[in-house]
Amino acid sequence: MAGTMKQVVLAAYAQGNPKSSDFRLEEVPVPQAGEGQILLRTLWLALDPLIRFSLDEKLISGARHMQIGEPMFGPTVSEVVASNHPDYAVGDIVETRTGWYEYAAVDPETVDYRGPPRKLDPELAPVQTALGALGMPGQTAYAGIVDTARVQAGETVVISAAAGTVGSLAGQIAKILGARVVGIAGGPEKCAALLDLGFDASVDYKADDFEAQLDAALPEGADVYFDNVGGDVTLAVMERLNRGARMAVCGFTAYYGDGMEGPGPNKLPGFFRLINSRQLEIKGFAGIMAGPEPIEAIAGWMKAGRITFPEVVVEGLEAAPEAFSSVFSGNSFVGKLLVKVAEAG
Ligand SMILES: NC(=O)c1ccc[n+]([C@@H]2O[C@H](COP(=O)([O-])OP(=O)(O)OC[C@H]3O[C@@H](n4cnc5c(N)ncnc54)[C@H](OP(=O)(O)O)[C@@H]3O)[C@@H](O)[C@H]2O)c1
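Residues numbered from 1 in each chain as written. Predicted model: local features only at pLDDT ≥ 70, side-chain atom pairs only at ≥ 80, totals over all residues. Heavy atoms only, no water.

Details of the side chain of N228
Position of N228 among the secondary structure elements: in the loop between strand 11 (222-227) and helix 5 (231-238). In this structure, N228 is in contact with I159, S160, A161, V166, G167, C250, G251, F252 and T253, ignoring residues within four places of it in sequence. (Helix = DSSP H or I, 4+ residues; strand = E, 2+ residues; numbered from the N terminus. Contact = heavy atoms within 4.5 Å.)

Structural notes on the site of the ligand
By nearness alone, 25 residues border the ligand, and T165, K190, Y205, Y256 and G287 come closest of all. One of the backbone N or O atoms of C250 is found 3.0 Å from a nitrogen atom in the ligand. Y256 is positioned with one of its side-chain polar atoms (N or O) 2.7 Å from an oxygen atom of the ligand. Protein contact buries 89% of the 920 Å² of open area that the ligand shows by itself. Those elements that place two or more of their residues in the shell around the ligand are helix 1 (136-148) and helix 2 (165-176). In terms of residue class, the shell around the ligand is made up of 15 nonpolar, 9 polar and 1 charged. There are two domains that each give the shell around the ligand at least three residues, and those are domain 1 (4-131 + 309-340) and domain 2 (136-289). (Near = heavy atom within 4 Å. Polar contact = N/O pair within 3.5 Å; in protein donor to acceptor, adjacent residues only side chain to side chain. Areas by Shrake-Rupley, 256 points an atom, 1.4 Å probe, with all protein chains shown as cover. Nonpolar A, V, L, I, M, F, W, Y, C, P; charged D, E, K, R; others polar. Domains from an automatic or database assignment.)

Observations regarding the sheet that holds strand 13 (residues 281-284)
Sheet architecture is open: 6 strands sit in the order 10-9-8-11-12-13, paired in parallel fashion. The open sheet is flanked by strand 10 (201-204) and strand 13, the only strands paired with a single partner. When strand polarity is set aside, the average angle formed by the axes of neighbouring strands in this sheet is 15°. As paired strands, strand 8 (residues 156-159) and strand 9 (residues 180-185) are joined by 4 bridges and run parallel to one another. Paired with V157 across the bridge in strand 9 is V181. Across the sheet, helix 2 touches strand 8, strand 9 and strand 11, and the angle it forms with strand 8 is around 170°. (Pairing = 2+ DSSP bridges. Axes fitted to C-alpha atoms, helices over the stretch in contact; angles between N-to-C directions.)

Digging into empty space enclosed by the protein
Going through the model one piece at a time under the given rule, you end up with 1 cavity of 30 Å³ or more. Taken as a whole, the largest cavity holds about 60 Å³ of empty space. Its residues assigned to classes, the lining of the largest cavity comprises 6 nonpolar, 1 polar and 4 charged. (1 Å grid on protein atoms, 1.4 Å probe; cavity = no way out; pocket = protein on both sides within 12 Å on 5 of 7 lines; lining within 4 Å. Points joined across faces, edges and corners; volume = space filled by probe spheres on them.)

Things to note about the pairing of strand 8
Side chains T156 and V158 project from strand 8 onto one buried face, and the interleaved V157 and I159 project onto a second face that is buried too. You can see the chain leave strand 8, run along helix 2 and come back into strand 9, and the turn it takes is right-handed. With 3 bridges connecting them, strand 8 and strand 11 associate as parallel partners. In the strand pairing of strand 11, I159 is matched with F226. (Buried < 20%, exposed > 50% of the residue type's maximum accessible area, 1.4 Å probe, protein only. Right-handed = clockwise from strand over helix to strand, strands pointing away.)

Quick look at the packing of aromatic side chains
This model, assessed by the stated rule, comprises 10 aromatic pairs. Each ring, one from F53 and one from Y256, has its centre 4.5 Å from the other, and the planes form 50°; the classification is tilted. Highlighted residues: F53 in the loop between strand 3 (38-46) and strand 4 (73-83) and Y256 in the loop between strand 12 (241-249) and helix 6 (268-277), separated in sequence by 203 residues. The exposure class of F53 is partly exposed, given its relative accessible area of 21%. Each ring, one from F324 and one from F328, has its centre 5.3 Å from the other, and the planes form 75°; the classification is edge-to-face. Of the two residues, F324 and F328 both sit in helix 8 (residues 320-329), 4 residues apart, roughly one turn of that helix. (Phe/Tyr/Trp six-rings, centres within 6.5 Å; stacked < 30°, edge-to-face > 60°.)

Here's the deal with the domain arrangement of the protein
We note that the domain assignment places domain 1 (4-131 + 309-340) and domain 2 (136-289) within the protein. Measuring from the centre of the C-alpha atoms in domain 1 to the corresponding centre in domain 2 gives 28 Å. Across the contact, 23 residues belong to domain 1 and 18 residues belong to domain 2. Roughly 1,500 Å² is buried in total at the junction of domain 1 and domain 2, and carbon and sulfur atoms are behind 67% of that figure. Ranking the residues of domain 1 by area buried against domain 2 places F53, F309 and V334 at the top, with a combined share of 27%. Linking domain 1 with domain 2 are 0 salt bridges. If you look at where domain 1 meets domain 2, you find 3 residue pairs in polar contact (both at pLDDT 80 or more). A class-by-class count of the residues in the side of domain 1 that touches domain 2 yields 13 nonpolar, 5 polar and 5 charged. (Buried area = accessible area lost by both parts, 1.4 Å probe. Salt bridge = Lys/Arg side-chain N within 4 Å of Asp/Glu carboxyl O.)

Listed below in structure tokens is the structure:
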């Protein structure tokens, strides 16, 4: 395919939270599918917070390390527009990890460490749900609530970043299991949206009376904490955990710009005191390891109308830098944040 395409490259390593000026839009030739490769046209791009792990000058965790000037990587849903591979035909819609560019020529065997691009059936569900409820975030919400936190009916579950992709799903799954669910989010609109999703109570961590709101929402403390953020929100929740409470550590967005040592006072002594005195069970987990069961379960609940999955769509690759930065610095988005790059067909 001749012509040029847009792509977004890393212009500067992130200092703290990413900024839109850390990225640059470029126009480059459309790549060609080589031997054994397929050419993918990007339809949808997900701006998952985990991409932040790749943007430190010195790699901290085991994430992929982006180089300056390199096109950004990211989870995508794409259409096959040329194929030199027997397993893929023109017109197939697939979910994989390519990046912030309009076309990608990839070897299906090596493009994504999780395996070859997953073919999607547009008749079963809107294809972009493969980046949210019916993909890795759905696996994560289910694995955290069902396997890691082992939520039981009648328990009180607190969820941070509850209006985000994983949090909004985790809360609804906990409700299906019979728990009382309290969501924490930033701002009154997001808190109202949580109640619309069926959460029993919501708490605004940006409000001056955050701690009082938390007390009011947790008159009998909490048995489970599904943590997406860390930071001050987590320190406040931990003080309200009941003896023997379980904490599923899904993410720690508040610290993603901090490296291994935060700038503030050392709060580890208080943290350990709470773990010991309350006999807390704290466990990290990787949702991606959860296999197909969560996706099947969530698909069934969505079909039965028991799970609603909100999506926020921003249009065009050029919108990606600002939208991605807003994940860390505040936004009004409820549910899955997606970039619509192109229409299928
Ligand atoms: N363990 C795993 O396998 C796994 C898999 C997927 C994701 N994760 C992690 O799970 C977390 C949620 O992912 P997601 O895809 O649901 O994210 P998301 O949809 O992008 O939502 C992120 C939300 O986090 C909130 N937030 C950001 N900084 C915050 C801070 N300093 N304090 C409190 N809240 C903050 C913001 O909402 P507000 O406006 O409410 O602040 C933001 O919209 C992330 O940490 C992600 O890395 C882990």
